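Architecture and fold: a report
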Amino acid sequence: MEPANHPTQSLFDLLNAITGLISQYFTAHPGVYDNVVGGVVVLILAALFPLVQKRVARNFRHFVGWLGSKRGFSKLALGAYRRELVNQYGTLVNIYLGKEEELTLRQVFVPLTLRASGTTELSENRSTGQILTDDQQKRLVLLGAPGSGKSTLLKALVAGVSRREWPQFKDLQPVLVSLREFGQAVDKKSLLDWLVEDELPRFGLRNSKPLLESLLAKGRVLLLLDGLDEVAGERLEIVNRAISLFLAKLDKTQVCRVLLTCREQNYDDLPDRDHYIREGFTEYRVAELREAEIREIVRRRQSSFTDKRKSMANYLEQVFRHGDILQLHRNPLLLTLSMGVYLHRPGEEVPHNLAQFYEQSIDNLLRRHNFREAVGSRSANRFKAECKFRLLRHFALQNLIAATEDNRDFETFSFQAVTVAARQLAEEGKVAFKPDQAHEVVKEIQLQAGLLNATRDNECFHFSHRSLNEYCAAAALNRQNEAGFKLISRQLGNPAWRQVIFFYAAIDDDNDNAVRLVETIQQRAIEESDSHLLALAGHCAAVMVQPRTLLRLELLGALTKALLAADLEIRPVLLKSLLALGNDRDEGIRRQLDYTMRQFVQSGKADELIREVGRLEPSVAIQFLGYLANSDSWTRKSAAALGLAQIGSQNKIPLLWKLLLDCRAVGQIEGRLYREVISQLLDLMAEPGGVERLNACKPSPPKVDNSIREEVIKVYPFLTKDNPITNFALLLTWSVEYGLAANIPNQTSCDTEDFDAWQSFLGMVLIRKNTKELKQWKRLPSDKNKWTGKVKTVVFGRLLFGTPLLLGFLLIAMTALMSTSSATNQFSAFLVVWSLIFVVGLFLSMFWLGWKYVLIRRKLFGTLDAFQEDFKRWLLPSDKPLVNGSTPRLMLYSIYRGLLRVFALGWAAILLLGLAAFMNPSSIRGSHDDFNGLAIALHNSTVITDIVHIIYIWIALVFIVFFLPCLNWFDRGKAWYLLKPNRYIHLYQIPGVERWLPLEEKE
């Protein structure tokens, strides 16, 4: 009986058989062998090229940076510098949503609204872009809460200015300074020396001191100073002096733009809070997100909700369900954390308090890869989330304590320090991994969870966000109970511990640690008559999970008493604490807050309160502002209007409408109040539901005569004779009457796609029209349905782009499949078309500037981005989610993206050479036995012909891929008409325009 074959031997025999069959096939078909080898070589080269290209490009940029220090080459060096800035700051790794996003003000987050702060004069509501580009105030201090988007805003500015996306800053060179990093070297170097020796060389600019001094003298520097709050202890005063000295020496006339960011709570604790005011800075606060901005940020993450099969509508419904939950989501970081928790955790529930945002988010990131990578394999996460979280808490606290003792900032640390902490916990038996696994645990936290990141020089590490570090330290203190309470009680006056104290108060536990902390701070504030400690107690009580109504009312009374008696310097600090404490569901607390604010107004300090009223939950703020609006004093009515500008909620529409009617009732339609109210109402009409909310308000005038109707129809002709004039139509009419038509682009203070469409609508409705234009405008509703033979330019663009590609691919396929000359000749028509495309493409590639000029003059110039977005929407519609991430549509779009990169890198020639070798290998194949076969083949005329054909195909494809999409035929909303239409017919092509038309006019 023969022994059974071993499984390994059977597998080996099978592989031998397969290899033999392949060898026999290649022996019988040598041409195919060459094809496969050529194809593999081309694929290997194509795979290696990006790696080589990246290294070569970086070395080249460094060379250009060195060259830029030579006279006459600065422009070249600055171009390379801006490209390096885009590479560094142009993308944002969003670990909370598990994706990488392009960092722009429009794509990543809605540009945050800036509010006047400190002694800055209240002004009409302006957007971030308007404030940043104001020539009257070139030095700004941007204050905000942790996670409010200060650093992200600066990085987006750097990337946007480097990409030339800010026309107002087209001549400026952005320089981003991490004050935390500078603070570590400030006692050795001036800011100028640190920039030219340590910072700018990272981006390719070497020996740049003369160049930087020249740019500063000409006012061509956008200096962004980030993170004043991250400078530790005694170094803070040194950094402040260094910045002042730098500006006094190199920007004497204040021609450069300078932005400084700092956490507001730390800025208020500066020993000399007016230091930067004296240096010519204007203070602004990064305001909480408005409701429209929250919806826009979430909407832009639609693909993430689709991929995870979660309901975006349900998420938004939970966010807006309660005022206190909504108030937490007004912070960009917390909103992002909330989306990450909702998308990646089982169930569909959003966090309900401050501690939950961080606790659940960190836990979610540590567990995110708890899946099996393949059948039979282990989980991508080898270690338990509980153990990793315990390590993060332990290390964050120990590092904070050590940094405090060493008088340094706690944010950066070494990888080795975390590893030592992990080994220490393992040796003490507090975690479920072995001491020799400490390095692997830390690496898993870094690579799988993304919670630890390396700095740019890879010498230090830091948490992915500073707040995560602070929360872990607070959570560790909370778990130590009495020892933790004593430790945090000793740091109440330390600014570096301020956010840790807030987090400690926000954690809910059975030991009432938060209550003990608040009571301790309050008692010490009373004993020491310390208003800053009293304000700290109010902020801590505001974030407590447990109601503790009596404690909050007691604190509210103490803050009220202190506020009414305080001097001008301390009042803002107490007022912020008072408003934070008043954001409570309890009606008793709300009544007490309302009473206090009225007392404050009656004492003549209304302006101070109005400047900060946006911190309140909208319903509380609107209730108080209604008190001012109902006053007989026009000064208070104006204050109410300015206060309402701080509120981002549609609930303020009735109050604004009342103010507008009051102004018209007494004939005050020329002042600042009237303009402010109309501008705010116009802003709100852009949001979904805004028109319906306005029309539901008390109508005015109650009775409309024919003369008023005629004036309304000139502006808003969409009402039939039987329909009453709506408040919305009256608002538009009064806007034209007031003269707002001349300034439409500046009316809105929020930058979303809804507002873009709204501005387009206003641009047609509010513009003044001559007699001929007015006749067409009035006929627009009836002309809408007339046949004009409309053809969407998007459809034509797709045909224009797709036809030559289809013909070209057919030609290649037929040439590869047909071996006889007669069969090939049948497709000579394809060759003719392809040659024509080649001639046109070659001509235009030689005269690109002329082509662009003609397109601009003929108003046909579009953008390559517009085509790419349309092509993506066509192939990958958002309403048809992908299954398992792989479909023919996705493959086609990936091929197109690959073509863009291939042609942009100039790698097309090699790729097409390989393709030609695959289709017609006999023309370039030499003898297998002759080493010089390739050299002999190069003298073959067939080779030269093939190379010429390859160049033909290459230039034709470049024309198709780059030149055709630059036509605006791919821009959505554009159309051609066979018959001349009403000149205003394209109003109906504005996205979402049906929201601003009467019900019967909806399509």
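Remember, predicted model here, so these are calculated numbers, not experimental data. (Residues numbered from 1 in each chain as written. Predicted model: local features only at pLDDT ≥ 70, side-chain atom pairs only at ≥ 80, totals over all residues. Heavy atoms only, no water.)

Bringing the overall build of the protein into the picture now. Scanning the protein from N- to C-terminus turns up 47 helices and 12 strands. Among the 1003 residues that make up the protein, the fraction classed as buried is 51%. Sequence-distant contacts in the protein: of pairs separated by 6 or more residues, those separated by 24 or more amount to 71%. Total accessible area on the protein stands at roughly 48,400 Å², and carbon and sulfur atoms take up 56% of it. (Helix = DSSP H or I, 4+ residues; strand = E, 2+ residues; numbered from the N terminus. Buried < 20%, exposed > 50% of the residue type's maximum accessible area, 1.4 Å probe, protein only. Contact = heavy atoms within 4.5 Å. Areas by Shrake-Rupley, 256 points an atom, 1.4 Å probe, with all protein chains shown as cover.)

The residue L245 is located in helix 9 (residues 235-250) in this model. The exposed category is assigned to L245, whose relative accessible area is 57%. With 53 residues separating them in the primary sequence, L245 and L192 have C-alpha atoms 9.8 Å apart.

This paragraph deals with helix 23 (residues 498-506). Most of helix 23 is tucked away, with nine of its nine residues classed as buried. Buried within helix 23 we find R498, Q499, V500, I501, F502, F503, Y504, A505 and A506.

Time to look at helix 20 (residues 438-449). End to end, helix 20 covers 16 Å across 12 residues, agreeing with the expected 16 Å (1.5 Å per residue, within 8%). Looking only at helix 20, the buried set comprises A438, V441, V442, E444, I445, Q446 and A449. Directly after helix 20, the chain includes G450, whose backbone phi takes a positive value near 75°. (Expected span 1.5 Å × (residues − 1).)

Tallied over the entire structure, the rule returns 25 aromatic pairs. Ring geometry for F761 against W996: centres 5.3 Å apart, planes inclined by 40°, an arrangement best described as tilted. Residue F761 is found in helix 37 (residues 753-765), and its partner W996 is found in the segment after strand 12 (975-977); the two are separated by 235 residues along the sequence. Overall, F761 belongs to the buried group, its relative accessible area being 0%. Through a chain of ring-to-ring contacts, three or more aromatic side chains come together here, namely Y716, F718, F728, W758, F761, W777, Y984 and W996. The lysine or arginine in question, K443, covers the ring of F415, its NZ or CZ lying 5.4 Å from the ring centre. The lysine or arginine in question, R516, covers the ring of F485, its NZ or CZ lying 4.0 Å from the ring centre. (Phe/Tyr/Trp six-rings, centres within 6.5 Å; stacked < 30°, edge-to-face > 60°. Lys NZ or Arg CZ within 6 Å of the ring centre and 35° of its normal.)

Below, the discussion takes up the packing of helix 30 (residues 618-629) against helix 32 (residues 653-665). Axis separation between helix 30 and helix 32 bottoms out at 11 Å; the angle between their running directions is 10°. Judged on the interaxial angle alone, helix 32 and helix 30 are roughly parallel. Judged by residue contacts, I622, L625, G626 and A629 of helix 30 engage L655, K658, L659 and D662 from helix 32. Of the residues assigned to the contact of helix 30 with helix 32, the class counts are five nonpolar, one polar and two charged. (Axes fitted to C-alpha atoms, helices over the stretch in contact; angles between N-to-C directions. Parallel < 35°, antiparallel > 145°, perpendicular 65-115°, else oblique. Nonpolar A, V, L, I, M, F, W, Y, C, P; charged D, E, K, R; others polar.)

With that settled, consider the nonpolar core. Among the nonpolar cores identified, the biggest contains 166 residues, and Y358, W657, F728, L732, W758, F761 and L987 are the most heavily contacted of them. In terms of residue count, the dominant contributor to this core is helix 18 (residues 385-406) (10 residues). Leaving out residues up to four positions away in the same chain, W657 has contacts with L681, L694, C697, K698, N727, L730, L731 and W734. Within the second largest apolar cluster, 64 residues are counted, among which are L140, L191, L222 and I243. (Core = buried A, V, L, I, M, F, W, Y, C linked by side-chain atoms within 4.5 Å.)

Okay, the side chain of D594 next. Position of D594 relative to the elements: it lies in helix 28 (residues 587-602). Residue classification places D594 among the buried positions, given a relative accessible area of 10%. Beyond its immediate sequence surroundings of up to four residues, D594 is in contact with Q623 and F624.

For strand 5 (residues 173-178), a buried count of six out of six residues is recorded, marking the element as mostly surrounded by other parts of the structure. What you see with strand 5 is no split at all: Q173, V175 and V177 on one side and P174, L176 and S178 on the other are buried throughout. By the bridge criterion, six bridges tie strand 5 to strand 6 (residues 221-226) in an arrangement that is parallel. The partner of L176 across the bridge, within strand 6, is L224. (Pairing = 2+ DSSP bridges.)

Here we take up the packing of helix 32 against helix 33 (residues 672-685). Each pair of packed helices can be summarised by the angle the axes make with each other and by the distance between the axes. Relative to each other, helix 32 and helix 33 sit at 145°, their axes nearing to 10 Å. The handedness of the crossing between helix 32 and helix 33 is left-handed. Contacts from I653, L656, W657, L659, L660, C663 and R664 in helix 32 reach L673, Y674, V677, I678, Q680, L681, L684 and M685 in helix 33. (Left-handed = near helix turned anticlockwise from the far one by under 90°.)

Attention shifts here to unusual backbone geometry. Positive phi outside glycine occurs at N407, with the angle close to 60°. By secondary structure assignment, the location of N407 is in the loop between helix 18 and helix 19 (415-427). By relative accessible area, N407 is classed as partly exposed at 29%. Even without glycine at this site, S529 takes up a positive phi of about 50°. With respect to the element layout, S529 can be found in the loop between helix 24 (513-528) and helix 25 (531-543).

Coordinates in, geometry out; function isn't part of it.
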